[in-house]
Amino acid sequence: MHLCDLLDPTSPLETLSDQPVESHSDTTIYKGSPYFLRVDILCGSKELSSQAVEAHFTDLIPTVAVTIQEPVHPSRLKPQRLEIVLTTAPLVDSVPRESDICQMSWYAPMPILNGSVVYRVKVASSGLGRNLPEKSFAVNVNGFVRTAERGKEEISIGLEMPVLEDVLAVGSPSGPLWSVVERTPVLILPGIPGYKAVLMTSTEFQHTSLIEVGIQSSWSDSPECPHVDFSSMIQEAISTESSLFIRHNQLLYRFVGNYSLLPLTVPPSGSWQQLLGSVCVSRLVPVFLPHEGRELFYVLAGGRQQGRLYRAHIYDGDVSFTELLDSKGRTACEFIQRETCRVTGATHHPLHELTDLVLVELLPKPNLTRSYQLLLLDNGDTFTMVTGLEEQTAVPLELRGLVFNPNTNTLYIWGNTLLCSQDAGESYLVFAGFPPDQTIKYFTLSFYGEFAFVTETEELWWGQEAMEKVVRVHPSAALKAPSSSGSDSLLTVFYDWDRKLQEVVYHLDANGKGRIVKRLVPVAEILSYSHFSSSPPTVPHHESISAFSFPQTCPFDWEVLVDLPHPEPYSRLLRYTARPPLVHRSSGLHSTSSLASYQDLLHHFLLRQYTMAIGDPAQNPVQRFQKHHVEDVDYSVLMESNEDSLDFSVETDSFTRPDTNSDTVLPDQVYLDRQTSFSFTVYIAIDPARLSVNKKNRELSDIERIWLSAEVSNHHYLSVSLTRTEFLNRGAVAYKVTVTDRGLYPGQAFPGEQLLPHSLLLQVARSEMQCFQQTSDGMAFKGHYRLPIYVGCPPGKWLAFDVTSTQREVTRFNRQYLNCYNPNAVFTCFFFGGVLLPHFLMQDAVSGKSRRFLGKYTFKVVGGGAHSRDNIRMYSPEEVLKYNSLEYRSHETLIWKVHHSTGSVNLTQDGHVIMQGLTSKIQWMCQRNSPCGNLEPQGDSDIHLYLVIEISNKGVDPSTYCEYKYRFTVIIRGLPVGELTESYCILIFLAIICGLSSASLVYFLLRSRNQTPHPAQ
């Protein structure tokens, strides 16, 4: 699979650079992102092009599933999980005229959403024609590539070094790969001896570039920060969503990428920028998971500043540093009151707000041995000594670092041993199997139960939570490779998006050509080989046959999950399917015009997903797309009218939601709202051939050996229950598993934000490293399940104003036709004298359905303006209280009140009325001291008022962890004139009456005088 440009689909692009989401250039023939995904089933081979043509005519249609990862701080996108399954379109590539065989590939538009830079692409076959093995790729936006003067792309962080053999060497030590998991588009790997160079990739080492970074080391040796092991290589590097950080000796540098897709508050870097110029940096410590929209890492100081610790916060690209001191201004070493002290490591505990765990090493001195202390700094206020570590093991400790896994609530401390704690350091378990003469060099987590580490001797070890020992997987007899294939040197190991352990090696072939290779570490395959090789097979002889078999060590033969609920309400993964336009050629081949139309429709469909301002019960993104189909396909119709584009047509149902039924596998993760539960059944059985003939023995020997245990990572927030059912005649047991939220989440949060990560572990007794099964992806473990569970407000839900129902209820209740003139169709218009019955919708983007919102909420007018929307201004918090709170009713500042309330109304602490569901009614008041209390008409039109209304359930709706806040604007017409205007009008009227009366009196007096007879002469 390659990235390519539509104008030149045969040229693969290894880098997805930062491009505008929608191009407005008159010369381009497409809208949206300018990239396509090109699926080449022949891996670039031109000699076998006829096989691609044959695959097309035998109905091979690859599908491309693109998963769009939400950013660290989703300010441009609503927090939700999104996956789009695109049906590819076959297209004949451009080939030289002298070629006898056409070259063909399949194409799909690459969807890029404004706000996301990390994408995962999974290619599979549709089930027809040739079988296409499923493959997964990382396709991320590389913001560290810029366009040079002649249109050629170049690396912005340094100079690319094309010849690997001149720089890399077999046998060089490996190093850790540090990044923010599943949020970092570009990874860099330092530690290349003799060079200021890093390995850079935006595809998880599918394609890798060797870059010499452009930094100038200006550090001079000083007593405050002496040179220690001065080296020309880059010692450490951390990759974040928008920036790269490297440490060169005692200097820290940063480079901000060019990411217009992200809401960055800092401009992209033109060169490397030095940070913390007054700090003697001795080490960087990564934090692998973001916290509340921020990325973190730690900086350890050295030299005479040894013992000082800084925490870096990255928010929308801007970085700030905070020195970790307690309320008395003391460092960790000053708190312990030990001069010979240094900080060895630190980690962040995200289950508690701004809680840092600090590992302090007390250096040996006369009459004192080396020891370690674990400190907890809670909210930057007070250090707390959790425990000493020297009593946890029988061997002298030499610890290197620590890391915390919030998904499983497990703290790891590693060095010449491996400790773990599930109570933030109060108690520890020591993993068995690790030799005391080895030392762990670096440690990597999958954050889903598995971990791996590399020792100083370049041995790779693997372990799993709830397993008592760690095992060595490399070197291993199961991974022996022929010596003639060349030589390999390990560079790093990491867990990819699919939670699989990968190793990155430098491979030097027999011809001396070097390349970077990413390889899967088949842990289950290695352990199964070790297991079966340690259990020699038996060879029983029968009358007619002889066969060998391995001893049965697994207590069961097969397992299956049943009674799984519909996945969407729990996994919160929003799925869409898209098909290309229908071509009318008999060959079924597409053109660049039809592909451009496909891309344009996809862009508009995604735009509809995020541009709904007013709710409608019948609307979801698919229906909105079909409703506005005429508008959206104008571009496609224009293309169809071209002379070379008459061979395809656009279908209205080309974008749909797939019908997802209950699966036989657990969701990749589950979200639980307040006191909700997730349940399913695990069915475990024994092969009938193994069942005992004697019923009594079957009951005691077979069924009783199968037991399932369940454990949640945090019992404070979650509870789990098991219900066992035995099927003696089938030799099987069924466990119904129910995991439930306890309702103890602190407060409320917006959908998809401030989620607390936990996990559920299910394990069949005695299955640990004893039970394996062959799958389509190779050997795998069985009898072990781990389910990530997030407690809080699930993503993909929001409130919307139900205009249709509100207008209908207002017309019915007021018994008058709502013929309110509305100068702006975006806003809804109501009459001042009528009663407002607001209706709201709870919209679920995942299910595509809307339902009535029946919860409790507060109704506030937070802004407004008369006569025009341009006059709208937002009120200050003090004004919002004055215009909405009943605490200010005596001030005559209220804009509205509850209509004919029977009995008392519930109020919040600041006097806001608590409303609920469909029963609340609003009556406009506009008291004399309110913003609408003294309005004057303009011209010959009546007074109309724009009001910005905010509804929120924060603190008033205990039925959910979700904090919903929604703002919308309405127009109020028919307002009465103000008191001053009314008095002025009355005075004018009285003046006119008095004037007329006076004039009439004078007229009649004069007339009567003229009619008086004169006396006779």
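The written sequence of each chain sets the order in which its residues are numbered from 1. Totals for whole chains, interfaces and linings use all residues, but because this is a predicted model, local features are given only for residues with pLDDT of at least 70 and pairs of side-chain atoms are given and counted only at 80 or more. Values reported for side chains reflect all heavy atoms of the structure, with hydrogen atoms and water molecules removed beforehand.

### Side note on the sheet that holds strand β50 (residues 732-741)
Spatially, four strands are ordered β41-β47-β50-β49 in an open sheet, and the strand pairing comes out antiparallel. The open sheet is flanked by β41 (558-562) and β49 (718-727), the only strands paired with a single partner. Direction aside, neighbouring strands of the sheet carry axes that sit 20 degrees apart on average. Where strand β47 (residues 677-685) meets β50, nine bridges bridge the pair, whose relative direction is antiparallel. Its bridge partner lying in β50, threonine 681 is registered against lysine 736. DSSP bridges decide pairing: two strands pair if at least two such bridges lie between them. Runs of E in the DSSP output that reach at least two residues are strands. Runs of H or I that reach at least four are helices, and both are numbered from the N terminus. Axis lines are fitted to C-alpha atoms, over the contacting stretch for helices. Their N-to-C directions set the angle, which ranges from 0 to 180 degrees.

### Here's the deal with the packing of aromatic side chains
The criterion for an aromatic pair is that two Phe, Tyr or Trp rings (for Trp, the six-membered ring) have centres within 6.5 Å, with stacked assigned to planes under 30 degrees apart, edge-to-face to planes over 60 apart and tilted to the rest. Applying the stated criterion across every chain yields a total of 35 aromatic pairs. Between tryptophan 558 and tyrosine 683, the ring centres sit 5.7 Å apart and the planes meet at 40 degrees, which makes this aromatic pair tilted. Residue tryptophan 558 is located in strand β41, and its partner tyrosine 683 is located in strand β47; the two are separated by 125 residues in the primary sequence. Aromatic pair phenylalanine 772 and phenylalanine 781: ring centres 5.7 Å apart, planes at 40 degrees, arrangement tilted. Buried means the residue's accessible area, taken with a 1.4 Å probe over protein chains only, is under 20% of the maximum for its type, while exposed means over 50%, and partly exposed covers the values in between. When its relative accessible area of 24% is taken as the criterion, phenylalanine 781 is described as partly exposed. Through pairs of rings, three or more aromatic residues link up here, namely Tyr412, Trp414, Phe431, Phe434, Phe443, Phe451, Phe453 and Trp461. The rule is short: NZ of Lys or CZ of Arg within 6 Å of the ring centre and within 35 degrees of the ring normal puts a charge over the ring. Positioned above the aromatic ring of tyrosine 315 is the side chain of arginine 294, whose terminal nitrogen or guanidinium carbon lies 4.3 Å from the ring centre. Above the ring of tryptophan 707, the side-chain terminus of arginine 724 is found at 3.9 Å from the ring centroid.

### A short note on the state of the cysteines
When the sulfur atoms of two cysteines come within 2.5 Å, that pair is taken as a disulfide. Here the structure, examined in full by the defined rule, presents five disulfides. Disulfide pairing is shown between cysteine 225 and cysteine 280; the S-S distance is 1.8 Å. Between cysteine 225 and cysteine 280, the S-S dihedral sits near 65 degrees, and the bridge is therefore right-handed. One end of the pair, cysteine 225, is in the loop between β17 (209-213) and β18 (236-239); the other, cysteine 280, is in the loop between β21 (273-275) and β22 (281-286), and 55 residues separate them in sequence. Given a relative accessible area of 3%, cysteine 280 falls into the buried group. Between the sulfur atoms of cysteine 793 and its disulfide partner cysteine 962 the distance amounts to 2.0 Å. Handedness of the cysteine 793-cysteine 962 disulfide follows from its S-S torsion of about 100 degrees: it is right-handed. Linking cysteine 793 in the loop between β54 (784-791) and β55 (797-801) with cysteine 962 in the loop between β65 (944-952) and β66 (965-973), this pair joins segments that are 169 residues apart in sequence.

From the geometry alone we can't say anything about function, so treat these as descriptive.
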